[in-house]
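The chain contents come next:
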Amino acid sequence: MKNYFLIKNTLYLVILFLTIIFSGLIIEKSNLLNLNFNNVNEVFFLFFPLEYSKEFLYTTIENTFITISIATISVLISTFISLPMSVICSNNLSSSTIFKNKNKIKDLSRYFLRTNFLFLRSLPEIIVALLLVKILGLGVNAAILSIVITFTGFMTKVFIEIIDSSNTVSSENLIRSGAGKFKVFLYATLPLCSKEIISYIVFRWECAIRTSLILGIVGAGGLGQQMELAIKMMDLNEVSTIVFLLIFLVYICDQISNFIRKVFI
Amino acid sequence: MYLNKLKIFTIVTISIFLTTCFIFLETNLFEVFKYETVLSFLIFFKEFSNPNISTKFLSEVINASFETVMISFVSTIISSVFAFFIMIVSNTKNFFLISFLKLLTNFLRSIPDLLWGVILLMFFGLGPFTGTLALTLHTSGILGRLFVELLENQKMQNTLSNFKTNNGSFLRYFFYYIFPKIFPQMISYILYRWENNIRAASILGIIGAGGLGQLLFYRLSLFHYDEVSTILFFTVSMVILVDLLSSFLRSKYTGR
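Small disclaimer: the values here were computed from a predicted structure and weren't measured.

Caption draft 1: Broad picture of the overall build of chain A. Scanning chain A from N- to C-terminus turns up 11 helices and zero strands. In chain A, the succession of α and β elements from N to C terminus is α-α-α-α-α-α-α-α-α-α-α. Judged by the C-alpha coordinates and their principal axes, chain A covers about 75 × 65 × 40 Å. The 265 residues of chain A split such that 46% are buried. In chain A, the proportion of contacts linking residues at least 24 apart, taken out of those at least 6 apart, comes to 77%. About 14200 Å² of surface is accessible on chain A, with carbon and sulfur atoms providing 67% of the total.

Structural data, given as structure tokens:
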């Protein structure tokens, strides 16, 4: 027990030490000691007053709708891909685990499919978007495809976990009497875990809106791209309007998803 | 799942919303399957499949990945300290202070870290400090909200009044009764944010805030795909290593 406390305290000391050294290195690397703070003052007052001309507001609202629709379409597509894939990959709905006939080839192929989805979700979506913009060119298609690629990985993993942790009585009975995988999923498993699946899809929709905001920086359309352009042109009062709109958008999406959850659960 | 009027209403509105989204975007998603794009995909993969492993470049990449780890670590620690102070201050009956704290955490939380970086770049210039500050602001918003919720769930009026009759202040009550209870949960939240932060730090360089992302963005702009594949390999392995470390620490401290 004494040894345990010794290890714990040394760990805290190491963390403290590392923090101090790392922060010192960061400050040294970014040349912060030569910083001129008059600059900070000047830049800060460029953010005000807010820009609210009619033309600007029209384009911003159009871009907001583009952002929302990118998020919605990509979540829809990734749901349509990941639900069947999770049914195929789940252990609970497979006949080989229920009959215990040790079909090694089927188990291995299922495992192999699952690891494929690990590769999909290992890269951050913005890096995928960066690569896809190089291949497909600028535009909405790259944003949608990059969100679909990463979110399919996440959603398949979570759906597999939901299906595997659900109650198996009815699904096992159906499989024993000879029903196919997708029929069993539709009639036995989906009624049991539809709430969890719906709430996860709604949660992913919120995440997708945030990511599609970020993806604009890479040049994939929407509100983020407008903000990036405004920063590059140093129109900082436009930037502050966009930031307030962004906060409002995230708040509204929170409320909508809460409403959907309340209705269905 | 039986259907009532509200459910039917929401389903109809969601489907109308989806169709308007498809009409609004005016893109043809089937362009992805055209001949030229498939060809460019194949060329990309051909160049991507032989990574550059010269010693000079590898040392550069390792330097950058160390910088990424630095940024994520420091920002996580500093923001957890901030969030801890927010949690302690939030235990007042002053209505304005509470609503101010709520507004502050919501504001910090709702701007994504990359956009924080873009904004802070104008103040502090290029370099890892900007990335650290952006991650710190975003993470302290999230952690502050989580910690405040933890405190609110743990408060029991019974024990608090017991402490007060025995002449104990709130801080004593906090450090002797609540803190040991919520410590494992706090550790797991901090580790979870660290996992997120290392992913964010590896992409923060795209806007010029140091780390692996900056290297990636430069090499990608120069179309050096062999070097890009090396950088991506390092990014993924770094993220996996941090995930393993954090799961080990979590099992050590929270018993889960």
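From this point, the narrative continues.
Caption draft 2: Geometry of the pattern of salt bridges. Residues and elements named next belong to chain B. Evaluation of the coordinates by the stated rule reveals 10 salt bridges over all chains. Salt-bridge contacts for Arg 219 lead to Glu 60; the nearest nitrogen and oxygen are separated by 3.2 Å. Within this pair, whereas Arg 219 is found in helix α9 (residues 212-221), its partner Glu 60 is found in helix α3 (residues 55-89), the two being separated by 159 residues in sequence. Classification of Arg 219 by relative accessible area gives buried; the value is 16%. Assessed through its relative accessible area of 34%, Glu 60 is described here as partly exposed.

Caption draft 3: Representation of the interface of chain A and chain B. Contacts between the two partners involve 63 residues from chain A and, on the opposite side, 62 residues from chain B. Taking both sides of the interface into account, the surface hidden between chain A and chain B amounts to around 5900 Å²; carbon and sulfur atoms contribute 86%. Counting every contact that joins chain A to chain B gives zero salt bridges. At the boundary of chain A and chain B, one finds zero residue pairs in polar contact (both at pLDDT 80 or more). Broken down by element, the residue count for the side of chain A that touches chain B peaks at 12 residues, all from helix α1 (residues 2-29) of chain A.

Caption draft 4: Region of the structure containing unusual backbone geometry. Unlike most non-glycine residues, Met 234 of chain A shows phi in positive territory, near 60 degrees. Within the secondary structure, Met 234 of chain A is located in the loop between α10 (223-232) and α11 (236-264). Taking the relative accessible area as the measure of exposure, Met 234 of chain A reaches 46% and is therefore partly exposed. Look at Phe 223 of chain B: it is not a glycine, yet its phi comes out positive at around 60 degrees. Positionally, Phe 223 of chain B belongs in the loop between α9 and α10 (225-254).

Caption draft 5: Molecular detail of the domain arrangement of chain B. Examined at the domain level, chain B breaks down into domain 1 (2-46) and domain 2 (55-254). Computed from C-alpha atoms alone, the centre-to-centre distance between domain 1 of chain B and domain 2 of chain B is 34 Å.

Caption draft 6: Just the packing of aromatic side chains, in detail. Scanning the entire structure with this criterion turns up 17 aromatic pairs over all chains. Taking 6.1 Å as the distance between ring centres and 75 degrees as the angle between the ring planes, the aromatic pair formed by Phe 159 of chain A and Tyr 200 of chain A counts as edge-to-face. Of this pair, Phe 159 of chain A sits in helix α7 (residues 140-164) while Tyr 200 of chain A sits in helix α9 (residues 181-215), and the two are 41 residues apart along the sequence. Taking relative accessible area as the criterion, Phe 159 of chain A reaches 1% and is therefore assigned buried. These aromatic residues form a ring-pair network of at least three members: Phe 41, Phe 44, Phe 45, Phe 48, Phe 223 and Tyr 225 of chain B. Note that Arg 204 of chain A overlies the ring of Phe 151 of chain A, its terminal NZ or CZ placed 4.8 Å from the centroid.

Caption draft 7: Focus on the environment of Cys 89 of chain A. All names here are of chain A. Secondary-structure assignment places Cys 89 in helix α3 (residues 54-89). With relative accessibility at 0%, the residue Cys 89 sits in the buried group. Placed 85 residues apart in sequence, Cys 89 and Tyr 4 show a C-alpha to C-alpha distance of 42 Å.

Caption draft 8: Highlighting helix α5 (residues 104-122) of chain A. All names here are of chain A. Compared with an ideal rise of 1.5 Å per residue, which puts 19 residues at 27 Å, α5 spans 27 Å between its outermost C-alpha atoms and is within 8% of the ideal. Within the sequence span of α5, burial applies to Arg 110, Phe 117, Arg 121 and Ser 122. The arc that holds the buried residues of α5, viewed along the axis, is 140 degrees, so those residues lie on one side. Facing away from the buried side of α5 by more than 90 degrees, the exposed set consists of Lys 104, Ile 105, Leu 108, Phe 112 and Phe 119.

Caption draft 9: Expanded view of a nonpolar patch on the surface. Residue and element names in this part refer to chain A. Taken together, the side chains of Phe 44, Phe 45, Phe 48, Leu 50, Tyr 52, Leu 57 and Phe 244 define a hydrophobic patch exposed on the protein surface, amounting to about 780 Å² of accessible area. Along the chain, Tyr 52 turns up in the loop between α2 (37-46) and α3. Under the relative-accessibility criterion, Tyr 52 is labelled exposed at 68%.

Caption draft 10: Molecular detail of the nonpolar core. Grouped together as the largest cluster of nonpolar side chains are 107 residues, with contacts concentrated most on Phe 47, Ile 70, Ile 126, Met 227 and Val 239 of chain A together with Phe 123 and Leu 232 of chain B. A total of 11 residues in this core trace back to one element, the largest contributor, which is α7 of chain A. No fewer than three residues from each of domain 1 (2-46) and domain 2 (55-254) of chain B sit in this core. The contact partners of Val 239 of chain A, leaving out residues within four places of it in the chain, are Phe 47, Met 227, Ala 230 and Ile 231 of chain A. Among the nonpolar cores identified, the runner-up in size contains 16 residues, and Leu 143, Phe 170, Ile 178 and Met 186 of chain B belong to it.

Cut-off values and rules
- Residues numbered from 1 in each chain as written.
- Chains lettered and ligands numbered in written order.
- Predicted model: local features only at pLDDT ≥ 70, side-chain atom pairs only at ≥ 80, totals over all residues.
- Heavy atoms only, no water.
- Helix = DSSP H or I, 4+ residues; strand = E, 2+ residues; numbered from the N terminus.
- Buried < 20%, exposed > 50% of the residue type's maximum accessible area, 1.4 Å probe, protein only.
- Contact = heavy atoms within 4.5 Å.
- Areas by Shrake-Rupley, 256 points an atom, 1.4 Å probe, with all protein chains shown as cover.
- Salt bridge = Lys/Arg side-chain N within 4 Å of Asp/Glu carboxyl O.
- Buried area = accessible area lost by both parts, 1.4 Å probe.
- Polar contact = N/O pair within 3.5 Å; in protein donor to acceptor, adjacent residues only side chain to side chain.
- Domains from an automatic or database assignment.
- Phe/Tyr/Trp six-rings, centres within 6.5 Å; stacked < 30°, edge-to-face > 60°.
- Lys NZ or Arg CZ within 6 Å of the ring centre and 35° of its normal.
- Expected span 1.5 Å × (residues − 1).
- Arc of directions from axis to C-beta.
- Patch = residues over 30% accessible without salt bridge, like charges linked within 9 Å, V, L, I, M, F, W, Y side chains within 5 Å.
- Core = buried A, V, L, I, M, F, W, Y, C linked by side-chain atoms within 4.5 Å.

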